Amino acid sequence: MTGVAAAVLAVAAFGALAPTGTAGADAPVEVAAIAGEGGAYGPRPTVVLEHGAFADSSSWSGVISRLRADGYPVVAAANPLRGPHGDAAALRGLLDHVKGPKVLVGHSYGGSVISEAAADRTDVKALVYVAAFLPAPGETALELTGKYPGSTLSDALDPVPVADPDGTRGTDLYIRQDEFRQQFAADVPRDEAALAAAGQRPIAQAALAEKATVAAWKAIPSWAVVTTQDLNIPPAAQRFMAERAGARITEVAASHSVAVSRPGVVTRVIESAARATR
């Protein structure tokens, strides 16, 4: 299954197609109209969510339910986690499929992906970075993680040798299940964190060393959620990247898994970005 096909399946799985309906698998996704006191006055942007490493689209569930309750169409993409360039290409395929204005949201490594996928697109009206990377051209996730002290991720990783489709050998990275909650989701209930640990999606080790080639945040208004109890991406690194991008910053005392532990905060930031685009 291609990254684009997986992303489209994720849309269906979350029931994220807009309430106005669609005409079929190949039809563009329609967006809902905003109804104000004076009637409908334009389309709400579709919120497109890109998860990061060691997670999957279900990590957005609490955010999705809140956005949908507030009338926003939502698509939770499936991130292949193979490298920013290829993952951005998969995401762009989904963006081409979704009709109308969009707010693009990336968690963790997903920030690197949305920074490339949104480049030169007039339909992406805002970028929201949630405990995420905002790389500049030439930077890597690995480099940015080590820019400031505080990350303990390397000690919690479980590398797994894999055979890539082209026959080359590579390495997938997981977080060890016995370390997952402490490292990734310390403020998530223990049972919920255990489920997330068992279902985590690995990232290709090479993806973390792949250099960014473009930075959409240079041209598109950006928002950032900085997690001050993060053990994956140091808060100082998150703050540095967000400030450099001129993002509107919200700091929250939360783990790296802030979309799970504090979905209300994340939703409010997304909706603030969406309102600013209209």
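What this report covers is the structure whose coordinates are included nearby. The shown structure was predicted, so the numbers you read here are calculated from the model rather than taken from an experiment. (Residues numbered from 1 in each chain as written. Predicted model: local features only at pLDDT ≥ 70, side-chain atom pairs only at ≥ 80, totals over all residues. Heavy atoms only, no water.)

### Regarding helix α4 (residues 110-117)
As a reminder of what qualifies: Think of it in three bands: residues with accessible area under 20% of the maximum for their type are buried, residues over 50% are exposed, and the middle band is partly exposed, with areas taken using a 1.4 Å probe on protein chains only. Helix numbers and strand numbers start at the N terminus; a helix is a DSSP run of H or I with at least 4 residues, a strand a run of E with at least 2. A contact between two residues is defined here by any heavy atoms of the two lying within 4.5 Å.
Counting buried residues in α4 gives eight out of eight residues, a clear majority hidden from the surface. Those residues of α4 that fall on the buried side of the exposure criterion are Gly 110, Gly 111, Ser 112, Val 113, Ile 114, Ser 115, Glu 116 and Ala 117. Turning to α4, the residues buried within the fold contact β3 (46-50), α3 (84-97), β5 (102-107) and β6 (124-130).

### Side note on the sheet that holds strand β7 (residues 157-163)
For clarity, the cut-off: Strand pairing follows a simple DSSP-based rule, namely that at least 2 bridges must link the two strands.
If you walk across this open sheet you meet the three strands as β7-β8-β9, and the pairing is antiparallel. The sheet terminates laterally at β7 and β9 (203-204), the two strands that pair on one side only. The sheet contact formed by strand β8 (residues 169-175) and β9 spans two bridges and is antiparallel. Within β9, the residue paired with Leu 173 across the bridge is Ile 203.

### A few points about the pattern of salt bridges
Cut-off, in case you're wondering: A carboxyl oxygen of Asp or Glu within 4 Å of a side-chain nitrogen of Lys or Arg is what we treat as a salt bridge.
Per the counting criterion, the structure on display carries eight salt bridges. Each of Asp 96, Lys 102, Arg 121 and Asp 123 takes part in a single network of salt bridges with overlapping partners.

### What to know about the environment of Lys 99
Looking at the secondary structure, you find Lys 99 in the loop between α3 and β5. Overall, Lys 99 belongs to the partly exposed group, its relative accessible area being 45%.

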